[in-house]
Amino acid sequence: MSRPWNFSAGPAILPLEVLERTAASVRELALPGDTALESKLSILEISHRSKTFDRIHNGAIDLCHEVLGIPRSHKVLFLQGGASTQFAMVPMNFRVAGKPACYIETGVWAKKAIAESKALGETKVVASSAATNHDHIPALPPASSWAGASYLHITSNNTIYGTEWETMPDAGDTPLVVDLSSNIGSGPMGIERVTMGYAGAQKNLGPSGLTLAFVREDLLQREPAAYVPTMLRYTTHAAEDSLYNTPNTFGILVLSHVLEWMRDRGGVAGIGAINGRKADKIYAVLDGSSLYRAHAKAGSRSRMNVNWTLAGSDEAAREAVTKRFLAQAEAAGFCGLKGHRSVGGCRASIYNAFPEAGVDALVEFMREFERTA
Ligand SMILES: Cc1ncc(COP(=O)(O)O)c(C=O)c1O
């Protein structure tokens, strides 16, 4: 049986080549040129202090710089607890007394980050798209609203609403902190402007249970405003090269496989061109249709998560046609298209590993469904 087209928002599709390499590494690592006994074992059973894992780990860090474009001035960290733990770690570590933490509120994940910051100290929401159910990225407010802040936080891609910053804003001297969970590595995006970034790995980078964080060295020097538990300090993990405690060794290996797969496809530039094409094809169907309606406004549209609702004379009719669309899509081999409850309708998550052929198949299905609806 052929594989279904996997539109899951996360944990999400991984390249087939990566799944196969990973399966082999679960049986026996067999790293080229590695004569250590550990190399004859599974990734799941070797010490994180072994020379063999050291090679995997350092290779993964190099790939983060080389392929994702994380500047060498930033420390790369492999953490746990998901992006959600970063919502609290960021204000705990980087808030300076007397300087508010500023946030741009573009959806559920931004709100969760804001809630953690508010619980910990002075927090300002300097722009929000809440009034229109987060269907756009608000314009960057004047610098006077956030200059001098402890940091300015944005969510670069809003997984639930399908909106994305076209490029990283220029925050001047204010540290720019970015939740990149759902679009890291998806194309050129001005990552060098990010002072501190974080991403749960389970969309564009690998399996769940691994969080990538990167922090510019000077921000690491900041004295936290209050006591921060050891495991929640970035300096703990930076000083020990992410080996203060046992890291997600399996996740780090898969991440390195994913980044090598990306590198072989032209890195973020090559992948970005394909991602742009994939998303454009679906938006073209939405914009040319009287049945489908894109949630995100032009100029703010995500290349990773494309959201739409279906038209109907009233709520019950809209619900019925959406249910029929999803049932027929499932029967045709498209899985994970149901939209998040905050928006309703449908969502196609088309991360880096999602093949263009799957987008072509979806587009054809959508046209045919509209024709016969
Ligand atoms: C943009 C964004 N931020 C944060 C999260 C939460 O990530 P985690 O489940 O790794 O805590 C998600 C999860 O989907 C997300 O899409």
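### As for the pairing of strand S12 (residues 305-310)
Next, step 1: Summarising burial for S12: five of the six residues are buried, a large majority.
Next, step 2: Judged from the three bridges that link them, strand S11 (residues 292-294) and S12 form a sheet pairing that is antiparallel. Bridge assignment links Tyr-292 to a residue of S12, and that residue is Leu-310.
Next, step 3: Bridge count between S12 and strand S14 (residues 346-349): four bridges; the pairing is antiparallel. When the sheet's bridge partners are listed, Val-306 is paired in S14 with Ala-348.

### A few points about helix H3 (residues 82-94)
Next, step 1: Spanning 13 residues, H3 covers 18 Å between terminal C-alpha atoms, matching the ideal 18 Å at 1.5 Å per step.
Next, step 2: The sharpest bend along H3 reaches about 30° and sits at Ala-88, with the proline Pro-91 one to four residues further on.
Next, step 3: All buried positions along H3 are accounted for by Ala-83, Gln-86, Phe-87, Ala-88, Met-89, Val-90, Pro-91, Asn-93 and Phe-94.

### Notes on unusual backbone geometry
Next, step 1: Between Gly-10 and Pro-11 the backbone carries a cis peptide bond, its omega angle lying at -10°.
Next, step 2: For Pro-11, the location among the structural elements is in the loop between strand S1 (5-6) and helix H1 (16-27).
Next, step 3: In this structure, Ala-30 takes a positive phi of about 45° despite not being glycine.
Next, step 4: Examined against the element boundaries, Ala-30 turns out to sit in the loop between H1 and helix H2 (51-68).
Next, step 5: Of the residues examined, Ala-30 reaches a relative accessible area of 46% and is grouped as partly exposed.

### Some thoughts on the sheet that holds strand S5 (residues 151-155)
Next, step 1: Strand order in the open sheet formed by seven strands is S2-S10-S9-S8-S5-S3-S4, with mixed pairing between adjacent strands. Because the sheet does not close on itself, it has two edges, and the strands there are strand S2 (74-79) and strand S4 (123-128). Geometrically, the sheet is characterised by an average inter-axis angle of 15° between neighbouring strands, direction not taken into account.
Next, step 2: Looking at chain direction, S5 and strand S8 (residues 176-179) are connected through four bridges and run parallel. Its bridge partner lying in S8, Thr-155 is registered against Asp-179.

### Let's talk about the nonpolar core
Next, step 1: Membership of the largest hydrophobic core comes to 53 residues, with the highest contact counts inside it found for Cys-64, Leu-68, Phe-78, Leu-212 and Leu-259.
Next, step 2: When neighbours within four sequence positions are excluded, Leu-259 is seen to be in contact with Ala-60, Leu-63, Cys-64, Val-67, Leu-68 and Leu-205.
Next, step 3: One finds Ala-294, Val-306, Ala-348 and Leu-362 within the second-largest nonpolar core, a separate group that totals 30 residues.

### Quick look at the domain arrangement of the chain
Next, step 1: Here the domain parsing of the chain yields domain 1 (17-263) and domain 2 (267-372).
Next, step 2: Taking only C-alpha atoms into account, the centre of domain 1 sits 28 Å from that of domain 2.
Next, step 3: Each partner contributes to the interface: domain 1 provides 27 residues, whereas domain 2 provides 25 residues.
Next, step 4: Carbon and sulfur atoms supply 50% of the area buried between domain 1 and domain 2, which totals about 2,100 Å² over both sides.
Next, step 5: Area buried by domain 1 at its contact with domain 2 is led by Asp-135, Ile-160 and Glu-164, which between them contribute 24% of it.
Next, step 6: Our enumeration of links across domain 1 and domain 2 arrives at two salt bridges.
Next, step 7: Put simply, Asp-135 and Lys-297 hold a salt bridge, and the shortest N to O gap is 3.3 Å.
Next, step 8: When residues of the side of domain 1 that touches domain 2 are assigned to their parent elements, the largest contribution, three residues, is made by helix H7 (residues 249-263).

Calculation notes
Sequence order as written defines residue numbering, which begins from 1 separately in each chain. Thresholds applied to this predicted model are a pLDDT of at least 70 for local features of residues and 80 or more for the giving and counting of side-chain atom pairs; totals over whole chains, interfaces and linings are not thresholded and use all residues. To get the side-chain values, all heavy atoms of the structure are used, and hydrogens and water are removed first. Note on classification: 1.4 Å probe, protein chains only; a residue is buried when its accessible area is under 20% of the maximum for its type, exposed when over 50%, partly exposed between these limits. Going along the chain from the N terminus, every DSSP run of H or I of four or more residues is numbered as a helix, and every run of E of two or more is numbered as a strand. Note on pairing: DSSP must find at least two bridges between two strands before they are called paired. Helix span is expected to be 1.5 Å times the residue number reduced by one. To get the bend at any residue, fit one axis to the seven residues that end at it and another to the seven that begin at it, then take the angle between the two axes. Lines fitted to C-alpha atoms define the axes, with helix axes restricted to the stretch in contact, and inter-axis angles between N-to-C directions lie between 0 and 180 degrees. As used in this record, nonpolar core signifies buried Ala, Val, Leu, Ile, Met, Phe, Trp, Tyr and Cys residues forming a set joined through side-chain atoms within 4.5 Å. Contact definition: two residues touch when any of their heavy atoms are within 4.5 Å. Reported domain spans reflect what an automatic or database domain assignment gives. Buried area counts how much accessible surface, traced with a 1.4 Å probe, disappears from two parts once they are put together, with both parts' losses summed. Any Lys or Arg side-chain nitrogen located within 4 Å of an Asp or Glu carboxyl oxygen qualifies as a salt bridge.

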